[in-house]
Every structure is written in structure tokens, then in C-alpha cells.
Amino acid sequence: MVTAAAAPLVVVSTYIPISFAFGAGITAPITYLAATLILLLFAIGFAQMAKRITAAGAFYNFSTQGLGRPVGLGTGWTIMLAYAMIAPAISGGFGYFTSSMLAKYLSLEIPWWICSIAGLALMFVISYFKVTVTGRVLGIALGLEVLIVFILATAIIISGGTDGQVPQAFNPAGWLTAPAVGIGFFFAFWSWIGFETTAIYGEETTDPKESVPRATYIAVITLGLFYAFAAYSGVVGFGDETQTQAGNLVGEYFFVLADMYTWPIVGVLMDFLVITGFFACSFAFHNNASRYLFSMGRDGILPSRLGRTHPSHKSPYIANGVQAGIAIITVAIFASLGADPLLHLGTWLPIFCTAAVVFVQMTVSIAVIGYFFKIGRRGIGDYWKTLIAPALGAIAQAVVLVLLTIYIPFLAEHDILALNLIPLYVGIIFVGGIIYALYLRAKKPQIYLQIGRVYDDEEEESMAEEPIPGSTATTL
């Protein structure tokens, strides 16, 4: 689910070439490795929390346990809204490429927004069933994506490209001459958005205390190496002309390389797999967002019916339906305003989402420190895992957030006040959650005590049938 959310082929075909042209330049490979290191620092503390706390709310529950209920609810609102917007943002790309492929291969002229909405409706149908069904669907698409990118990247590197190997792609000194290194880091972090999915599905796995930390490390490391490998192949492919060609080709960059270094069938497969990649990515975030809705519904913060699971499939089917509705309405609004599915829906929303997620990850790093300060630490190893690494991770996330804020006008290709205020929106949502938590503490203490609660198996079974005691939000 994590790697499906990362959408390897989408990252390789779209975001890495943009980073070549306007971001990290030929240092994109080392930029992805640096992002891997930062996320590993974060993952160390995250994994320690996951060993002790199993909850569908992940960041929401972790921040509550470490920093208290008000901060926890602020964090929960922020990540929930971010994930709720990623699904429609990515579905814009799905609709765009699906519409193009239908016109190219079947001569059918279908508007992008119809394709996007149809895809979102299909996501709800599939997610209605248990998570193993979702995993199979995404696993097939993911396996094909990874295979095709690996074949292409290997062929390019073995051939030596146009100018031979390019070791300077791994020299950090190159950041000084990169077009905009902050943009490079933005795309690197955007490529990983959603790797906390490992904890989100903890309640739906057989051994979450072991499988969640293991899956988190595997996902961060393998994705980092994969992205760096693919980015390096892109640098080797065009050599000294990398930045120029990326600026001219952008979305066609790796498709042209496929024609240059592999067989025609590879390019055709990439045409179709980029569609499944967008679908898998949007689908993964559809599931992520619905589980936050489920978690807060179960806590009584949102209508309690959201916290119900299907009696047979055990899926959060009501939350899935609400999330699908939110995504469809968002796509419809953008379409009615004549927005471009890639430039507007697929770029402006991800800026907000990335800023929100990086801010939340920084907050969770601090929460790890707070949580283990309360329960105590033992030995040097514990201090490294639960104090030093999370602190370094929080600092690194803060730097990335500052770089993102600085480069928002460049990323959006417009110096629009509404876009420049994106960091303010994140802050307002976060503070709004804190204020609402304080309201609950004063007026509805029984619901306040439910914020960020961790449920055991017996309580989970009862929650599938009964509303939360004391909750006034009993209907949807």
C-alpha cells in the first residue's frame, strides 16, 4: 500500500524530469538519497511508536499520545484533510491520461473529468471489500510499474548513455548550481507522501507490532534506492543535455528514453501503466483518508457512523463512501471552473498536501520525544531511537517546510496570493483542531476523552455495531 501510494512510474515519468529541469538538476539522484536519510530519521521514532500503539489514525493517535489531545486533534484534522485532497489531486492525472489513451487507441473523446469521477467511483466499489482485496489490486499494478521502470533504467545505465556514467550526480556540491534545490526536495518528499500507511493498516494485520515497523523501514529504503536509481538513469540517458531535454520534454522524458534504449513495446506498456499508476496512487490515498474519517468517527469527533465497519468485510465502508463523495465533488468543482487537470488540480492541491504532511511529520517527531519522555527511556539505544533521531528528523522536516514555503510561487507557476497563503491554511486547520478539542474538553468531556484513543480487539468488535457512548453525532 505504501509503494502503491508512492506510484513509482508516476514519480519517474512526471516528477523526476521536472526536478531535472527546474529543481535539483543532475543532482536529483543524491537529492532522493538525502530525502531517504531524512525520512529514515523520522521512521526510527515512528517505528518505536508503532511497536507500542496500533491504531488506524496513525499520526493522529501518535501525536495525541505524545503531545496531548488538543495537539492530537489538530494533527488529525490536518492530515485527514491533506489525504482527502490527495485522492482527487492524483485522480486529475488519471483522468487526463485515461482520456488521452481512449482518444489515441479507441478514438473516443471523453472529457478528463468524467474519467476521473468514474475512477473514484470504482475506488469506492473496490474499497468496500476487505483490505486484502485492495492490496491485490494495487499489488498487481505496482509490480508491473516497478518491473518496467527497472528494465528501462537498467538498459540505460548498462548502455552508458550519451556521455558515459555521471558520478557528479552524487556530489552534494552540485546543489549550489542546481536550478532550485528547494524544488528538488519538494518533489522528493512528494514522492514519499503516504508512507505512514504502514501504521494505518496496523489494525488490519495479524502482527502489527512487528509488521508495521518492518514494512516502514522496507518502504522508505527500497523506495529511496529505487528513485535514486531511476533518477540516475535519467541523467545518464541524456548526459550533459539532461536539464535542457527535461525542460523540453518534461512528461515525455522517460518515454523518449524508452524509445532510445529499449524496445517499442516498453513505451507502449508505459503508456498504459502510467494510467494504472495514477489509479493506484489515488486509490491508496482514498483508503488512507477514509481510515482517518473512520478513526475520528469511532472517537466521536465526527459522526459516529463513520466509525462503523462492514459486518462481513470489516472495511470502513461508510467512511469510504464519504471520502469518495468528497473527492468526486472536488473534481467536479475544478472541472466546472475550467481548471486544467495537471496544472491546477494536479499541482495546486499537492502543494497544500505536501506542506500539511511535512508539518504533521515534524509534529509527530516531536510527539515521539514527548511520549517516551513520559514512559521513560532505557540505555543509549533508546535515547538514539526516541530522542536524537526524532529531533534530527523534526529539524530536517522544518527546513524542508521553509524551502517549500519559499518556492510556492515557483511551484505553482503563479504568484497568486491564495497559493502563497497555503502554509497559513495548514496552520489554521491545525489551530482549529486544537480549539475544537478545548471546546470539547469544556463542554463535552466524555467525547474529549475519546480523542486519539487506542482500541483493543474487543472494543473494535463492539464499535462495529454500537455508537460511541456520550457522542451526540450518531447519524450521518
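Along each chain, numbering runs from 1 in the same order as the chain's sequence is written. Where local features are concerned, this predicted model is filtered to residues with pLDDT of at least 70; where side-chain atom pairs are given and counted, the filter is 80 or more; whole-chain, interface and lining totals use all residues. Side-chain measures here rest on the full set of heavy atoms in the structure, leaving out hydrogens and waters.

Colleague: Lay out the overall build of the protein chain with the relevant residues and their values.
Modeller: Strands here are runs of E lasting at least two residues and helices are runs of H or I lasting at least four, both read from the DSSP assignment and numbered beginning at the N terminus. Looking only at helices and strands, the protein chain has 22 helices and zero strands in total. For a compact globule the rule gives 2.2 Å times the number of residues to the power 0.38, and the radius of gyration it is set against comes from C-alpha atoms. Relative to its length of 476 residues, the protein chain is compact, with a C-alpha radius of gyration of 22 Å against a globular reference of 23 Å. Along the three orthogonal principal directions, the C-alpha set of the protein chain runs to about 65 × 55 × 45 Å. Long-range pairs, those at least 24 residues apart, make up 81% of the contacts in the protein chain with a sequence separation of at least 6. Residue-level accessible areas treat just the shown protein chains as cover; the underlying method is Shrake-Rupley with a 1.4 Å probe. Split by element, the accessible area of the protein chain, about 18300 Å² in all, is 68% carbon and sulfur. For the protein chain, the distance from the average site of its 21 positive side-chain charges to the average site of its 26 negative ones is 15 Å. The contact criterion used is simple: two residues touch if any of their non-hydrogen atoms lie within 4.5 Å. Charge convention: Lys and Arg are scored as positive, Asp and Glu as negative, and His as well as the terminal groups of each chain are ignored. By convention, charge coordinates are those of NZ in Lys, CZ in Arg, CG in Asp, or CD in Glu.

Colleague: Mind laying out the pattern of salt bridges, listing which residues take part and the relevant values?
Modeller: When a carboxyl oxygen of Asp or Glu is within 4 Å of a side-chain nitrogen of Lys or Arg, the pair counts as a salt bridge. Scanning the entire structure with this criterion turns up one salt bridge. Here Asp-271 ties to Lys-104 by a salt bridge, and the two come within 3.3 Å at their closest N and O atoms. Residue Asp-271 is found in helix 13 (residues 264-299), and its partner Lys-104 is found in helix 5 (residues 69-106); the two are separated by 167 residues along the sequence. Asp-271 sits in the buried class, given a relative accessible area of 15%. Relative accessible area decides the class of each residue, using a 1.4 Å probe on protein chains only: under 20% of the type maximum gives buried, over 50% gives exposed, and in between gives partly exposed.

Colleague: Just give me the short version of the packing of helix 5 against helix 6 (residues 112-127), but keep the residues and values in it.
Modeller: Where helix 5 meets helix 6, the closest approach of the two axes is 7 Å, and the angle between their N-to-C directions is 120°. Our classification of the angle between helix 5 and helix 6 gives oblique. For the crossing formed where helix 5 meets helix 6, the hand is right-handed. Contacts between helix 5 and helix 6 pair Ala-87, Ser-91, Gly-92, Phe-94, Gly-95, Tyr-96, Thr-98, Ser-99 and Leu-102 from the former with Trp-112, Cys-115, Ser-116, Gly-119 and Leu-120 from the latter. Each residue is assigned to one class: nonpolar for Ala, Val, Leu, Ile, Met, Phe, Trp, Tyr, Cys and Pro, charged for Asp, Glu, Lys and Arg, and polar for all the others, Gly among them. A per-class count over the contact of helix 5 with helix 6 returns seven nonpolar, seven polar and no charged. Simply put, an axis is a line fit to the C-alpha atoms, just over the touching stretch for a helix, and the angle between two N-to-C directions goes from 0 to 180 degrees. Small angles under 35 degrees read as roughly parallel and large ones over 145 as roughly antiparallel, with 65 to 115 read as roughly perpendicular and the rest as oblique. In this scheme the handedness of a crossing depends on how the near helix is turned from the far one: anticlockwise by less than a right angle means left-handed, clockwise means right-handed.

Colleague: Can you tell me about unusual backbone geometry, naming the residues and giving the values?
Modeller: In the Ramachandran plot, Ser-107 falls in the positive-phi region, its phi being about 60° despite a non-glycine side chain. Given the relative accessible area of 62%, Ser-107 is considered exposed.

Colleague: Explain the packing of aromatic side chains to me, and be specific about the residues and the numbers.
Modeller: Aromatic rings from Phe, Tyr and Trp, with only the six-membered ring used for Trp, were paired whenever their centres fell within 6.5 Å, and each pair was classed as stacked if the ring planes differed by under 30 degrees, edge-to-face if by over 60, and tilted otherwise. The final tally for this structure, using the stated rule, is 30 aromatic pairs. Ring geometry for Phe-20 versus Tyr-253: centroids 5.4 Å apart, planes at 55°, classification tilted. Residue Phe-20 is located in helix 2 (residues 8-22), and its partner Tyr-253 is located in helix 12 (residues 253-261); the two are separated by 233 residues in the primary sequence. The exposure class assigned to Tyr-253 is buried, which follows from its relative accessible area of 0%. Relative to Phe-185, the ring of Trp-175 has its centre 5.7 Å away and its plane inclined at 55°; by these criteria the two rings are tilted. Of this pair, Trp-175 sits in the loop between helix 7 (131-159) and helix 8 (181-190) while Phe-185 sits in helix 8, and the two are 10 residues apart along the sequence.

Colleague: Can you break down the environment of Ile-406 residue by residue, with the values?
Modeller: In this structure, Ile-406 sits in helix 17 (residues 379-406). A sequence separation of 141 residues divides Ile-406 from Ile-265, and the C-alpha atoms of the two residues are 42 Å apart.

Colleague: Describe in detail the packing of helix 2 against helix 11 (residues 242-249), supporting the description with residues and values.
Modeller: Contact pair helix 2 / helix 11: the axes reach a minimum separation of 7 Å and the direction vectors enclose 120°. When the interaxial angle is binned, helix 2 and helix 11 end up oblique. Handedness of the crossing formed by helix 2 with helix 11: left-handed. When helix 2 is examined against helix 11, the residues Pro-17, Phe-20 and Ala-21 are found in contact with a partner set consisting of Thr-242, Gln-243, Ala-246 and Gly-247.

Colleague: Describe in detail the confidence of the model for the protein chain, supporting the description with residues and values.
Modeller: Predictor confidence is given residue by residue as pLDDT, running from a minimum of 0 to a maximum of 100. Residues at a pLDDT of 70 or more form 90% of the protein chain, whose mean pLDDT is 85. Averaged pLDDT values for the elements of the protein chain fall to 46 in helix 22 (residues 457-463) and rise to 95 in helix 20 (residues 422-443). Segment residues 458-476 is flagged for pLDDT under 50; beyond a separation of four residues in sequence, or across chains, it makes 47 contacts in the model.

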